[in-house]
Amino acid sequence: MARVLPKLYKGLVQSASYSRSAFVRAASTVTLNVPETKVTKLENGVHIATEDTGIPTATVGLWIDTGSRFETEENNGVAHFLEHMAFKGTNQRTQTDLEMEIENMGAHLNAYTSREQTVFYAKCLSSDIPQAVDILSDIVQHSTFGEGEIAREKGVILREMQEVETNLQEVVFDHLHAVAFQETPLGRTILGPTENIQGMTRDMLTSYIRDHYHGGRMVLAGAGGVNHEDLVDLAKKHLGGLTNTGAVVPELTYCRYTGSEVKYRDDSMPQAHIALAVEGCGWTDADNIPLMVASTLIGSWDRSHGGGTNLASHLARQTAHPDSKIHSFQSFNTCYKDTGLWGVYWVCEKLGCDDMTYAIQEEWKRLATSVTSFEVERAKNMLKTNMLQQLDGSTPVCEDIGRQLLCYGRRIPPHELEARIEAVSAKVVQDVVFKYVYDKCPVVAAVGPVENQSDYNRVRNRMTWMRM
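All of the points below concern the structure found in this document. (Residues numbered from 1 in each chain as written. Predicted model: local features only at pLDDT ≥ 70, side-chain atom pairs only at ≥ 80, totals over all residues. Heavy atoms only, no water.)

### Some details on the environment of P193
Next up, step 1: Mapped onto the elements, P193 comes out in the loop between α8 (168-180) and α9 (194-198).
Next up, step 2: Once the C-alpha coordinates of P193 and M161 are considered, the two residues, 32 residues apart in sequence, prove to be 9.1 Å apart.
Next up, step 3: The residues touching P193, leaving out its near neighbours within four places in the chain, are N76 and M161. (Helix = DSSP H or I, 4+ residues; strand = E, 2+ residues; numbered from the N terminus. Contact = heavy atoms within 4.5 Å.)

### Some remarks on the sheet that holds strand β7 (residues 261-265)
Next up, step 1: The sheet built from six strands is open, its strands ordered β7-β12-β8-β11-β10-β9 with mixed pairing. With partners counted over all chains shown, the strands left at the sheet margins are β7 and β9 (300-302), one partner each. Between one strand axis and the next, the sheet turns through 15° on average, direction left out of account.
Next up, step 2: Two elements, strand β8 (residues 272-279) and strand β11 (residues 340-348), share eight bridges in a ladder whose sense is antiparallel. Looking across to β11, one finds that A277 is bridged to G343.
Next up, step 3: Relative to the sheet, α8 contacts β7, β8, β10 (326-335), β11 and β12 (443-448), its axis offset from that of β12 by approximately 145°.
Next up, step 4: Of the strands in this sheet, β9, β10 and β11 touch helix α12 (residues 288-298), which is tilted by about 175° from β10. (Pairing = 2+ DSSP bridges. Axes fitted to C-alpha atoms, helices over the stretch in contact; angles between N-to-C directions.)

### Focus: empty space enclosed by the protein
Next up, step 1: This structure, assessed with the given rule, holds one cavity of 30 Å³ or more.
Next up, step 2: Volume-wise, the largest cavity comes out at about 50 Å³.
Next up, step 3: In terms of lining, the largest cavity is formed by L82, A86, F120, I139, V140, S143, F145, I209 and Y213.
Next up, step 4: Broken down by class, the residue content of the lining of the largest cavity amounts to eight nonpolar, one polar and no charged. (1 Å grid on protein atoms, 1.4 Å probe; cavity = no way out; pocket = protein on both sides within 12 Å on 5 of 7 lines; lining within 4 Å. Points joined across faces, edges and corners; volume = space filled by probe spheres on them. Nonpolar A, V, L, I, M, F, W, Y, C, P; charged D, E, K, R; others polar.)

### Here's the deal with the nonpolar core
Next up, step 1: F120, I129, I139, L205, Y213 and L231 are the most contacted members of the largest nonpolar core, which totals 53 residues.
Next up, step 2: Per-element accounting of this core gives the leading share, seven residues, to helix α6 (residues 129-141).
Next up, step 3: Not counting residues up to four positions away in its chain, the partners in contact with L231 are I48, T50, V60, I129, V133, L220, A221, G222 and V226.
Next up, step 4: Core analysis: the next-biggest nonpolar cluster, separate from the first, contains 52 residues, M292, L417, V424 and V459 among them. (Core = buried A, V, L, I, M, F, W, Y, C linked by side-chain atoms within 4.5 Å. Buried < 20%, exposed > 50% of the residue type's maximum accessible area, 1.4 Å probe, protein only.)

### Quick notes on the packing of aromatic side chains
Next up, step 1: If you walk through the whole model with that rule in mind, you get six aromatic pairs.
Next up, step 2: Ring centres of F173 and Y345 lie 5.8 Å apart, and the angle between their planes is 45°; this geometry places the pair in the tilted category. Of the two residues, F173 sits in helix α8 while Y345 sits in strand β11, which places them 172 residues apart along the sequence.
Next up, step 3: Taking the relative accessible area as the measure of exposure, F173 reaches 15% and is therefore buried.
Next up, step 4: We classify Y345 as buried; its relative accessible area is 5%.
Next up, step 5: Within the aromatic cluster, the residues linked to one another by ring pairs are F173, F332 and Y345.
Next up, step 6: Over the ring of F70 we find R217, and its NZ or CZ is 4.8 Å from the ring centre. (Phe/Tyr/Trp six-rings, centres within 6.5 Å; stacked < 30°, edge-to-face > 60°. Lys NZ or Arg CZ within 6 Å of the ring centre and 35° of its normal.)

### Quick word on the pattern of salt bridges
Next up, step 1: On inspection of all chains with the given rule, the structure shows 28 salt bridges.
Next up, step 2: Its salt-bridge partner being D354, residue R458 comes within 3.9 Å of it at the nearest N-O pair. Residue R458 is located in helix α19 (residues 456-462), and its partner D354 is located in helix α14 (residues 353-369); the two are separated by 104 residues in the primary sequence.
Next up, step 3: For R458, a relative accessible area of 47% corresponds to the partly exposed category.
Next up, step 4: In this structure, the salt-bridge partner of R410 is E416, at a minimum N-O distance of 2.6 Å.
Next up, step 5: Within the structure, one salt-bridge network assembled from shared partners comprises E51, D400, R403 and R411. (Salt bridge = Lys/Arg side-chain N within 4 Å of Asp/Glu carboxyl O.)

### Quick word on the packing of helix α4 (residues 78-85) against helix α10 (residues 202-212)
Next up, step 1: Contact pair α4 / α10: the axes reach a minimum separation of 10 Å and the direction vectors enclose 100°. Our classification of the angle between α4 and α10 gives roughly perpendicular. Side by side, α4 and α10 meet where V78, A79, F81, L82 and M85 of the first sit next to M204, L205, Y208 and I209 of the second.
Next up, step 2: Counted by class, the contact of α4 with α10 contains nine nonpolar, no polar and no charged residues. (Parallel < 35°, antiparallel > 145°, perpendicular 65-115°, else oblique.)

### A closer look at the state of the cysteines
By definition, a disulfide links two cysteine residues through a covalent bond between their sulfur atoms.
Next up, step 1: Taken as a whole and judged by the stated rule, the model has zero disulfides.
Next up, step 2: Here C348 is not disulfide-linked; the sulfur of C353 is the nearest cysteine sulfur, at 3.8 Å.
Next up, step 3: Judged by relative accessible area, which is 0%, C348 ranks as buried.
Next up, step 4: Not part of a disulfide, C398 finds its nearest cysteine sulfur in C124, a span of 10 Å. (Disulfide = S-S within 2.5 Å.)

### Notes on the sheet that holds strand β4 (residues 108-113)
Working definition: the strands of a sheet are paired by backbone hydrogen bonds and lie parallel or antiparallel to each other.
Next up, step 1: A sheet is described by the order of its strands in space; here six strands give the open sequence β1-β2-β6-β3-β5-β4, paired in mixed fashion. Single-partner strands in this sheet number two, and they are β1 (37-41) and β4. Strand-to-strand twist in this sheet, taken as the mean axis angle between neighbours without regard to direction, amounts to 15°.
Next up, step 2: With seven bridges connecting them, strand β3 (residues 57-64) and strand β6 (residues 218-224) associate as antiparallel partners.

### A closer look at the packing of helix α15 (residues 373-389) against helix α17 (residues 414-422)
Next up, step 1: Following both chains from N to C, one finds α15 and α17 inclined at 165°, their axes separated by 10 Å at the closest point. Our classification of the angle between α15 and α17 gives roughly antiparallel. Regarding α15 and α17, the two cross each other, and that crossing is right-handed. Contact residues: α15 offers E377, K380, L383, K384, M387 and L388, while α17 offers P414, L417, E418, I421 and E422.
Next up, step 2: The class makeup of the residues in the contact of α15 with α17 is six nonpolar, no polar and five charged. (Left-handed = near helix turned anticlockwise from the far one by under 90°.)

Everything listed is a geometric property; what it means functionally is a separate question.
Written as structure tokens, this is what we have:
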């Protein structure tokens, strides 16, 4: 960069009207897209996307455009089951060979499944990228799915389901999806029901791979010390044999949103865990950024964090008092391809349910009618800072690249996201929140001592107020 600057700014430096601020502004236009995200598409549809930062380590992974949303009621849980089976051996490597190879590299191999994506990734030294890509492509294309391994993994997943049931936040969000998207794929859990896990077969696993693991639905992403051309060559070598049958990919099922509630009352529990939400928007919807700003305005709070009248969040200032029955809360904006859930999750004592529900709805009303420009500017700064902090390291950057290629078809550079956030005004926040909240049917999921939680009809009635 230093060799380029003198040539680029020769006229600017010699100008009599030169100022330091003008030089900085001009320099920023040059460094705006550094490091660049490079994207290449193979003939079979596989996308290769990289961001080279020159560090000695790298993260590479396969992002696949399939998850529990693409399952049926009969095979619900198969995508997550496949994630587990990927590390149990291939035609070329036994499970022991695979574990030893990763350990000898000093690498970290992991995977996860969401409702719309399945991911396999490895973090390793830059010099070990060829070996890492070889392993990732091998487990995706050539896993053996031995009957013995399938039987053992059923027990592992059933124990995992028991552990998830102790995580009440996950339980509440599963219930929230179940009532918000009733009788649709988004309403099902990622792990699937117990009977599906017990009845999982090798044919179900291989059929799911045959139907969904195609080149046109895969992104090979890399971040850190990764050379783009080298990764493209590796993709051609190891993923070039994948077929691209994009024409027969199942059409994305419309997931109808239904305003409703579910309550699981258990007075033996010490706190109530509740989520209140409305239907949000998809990843590519123009309203997504304003909803993110609005969610940041609501913010989060935990009793252990302290704070009081000087907290940025208006809702936190209302709940952070000595007599508060609220233990914590956090806003959320969960997005999918064509829909989403926008709301607040909180933990409270048994007599705090109704008060918090009312406070949240009043805050929604305030955001839709009288939020100030000062608040919005502060929230925009917080959102930009949080987004940049989440891109600290090769793994989160690689994840951002893979996810965005599947969601948007391209990587949105950080400066573009900042510009989109900066364009949001108080009026935009008011209009968007009003659009999604006013006179809409909310969805409620509550677990624990929830006798004090408002009746749904009362909650629904509060969604309408005198228009100002």
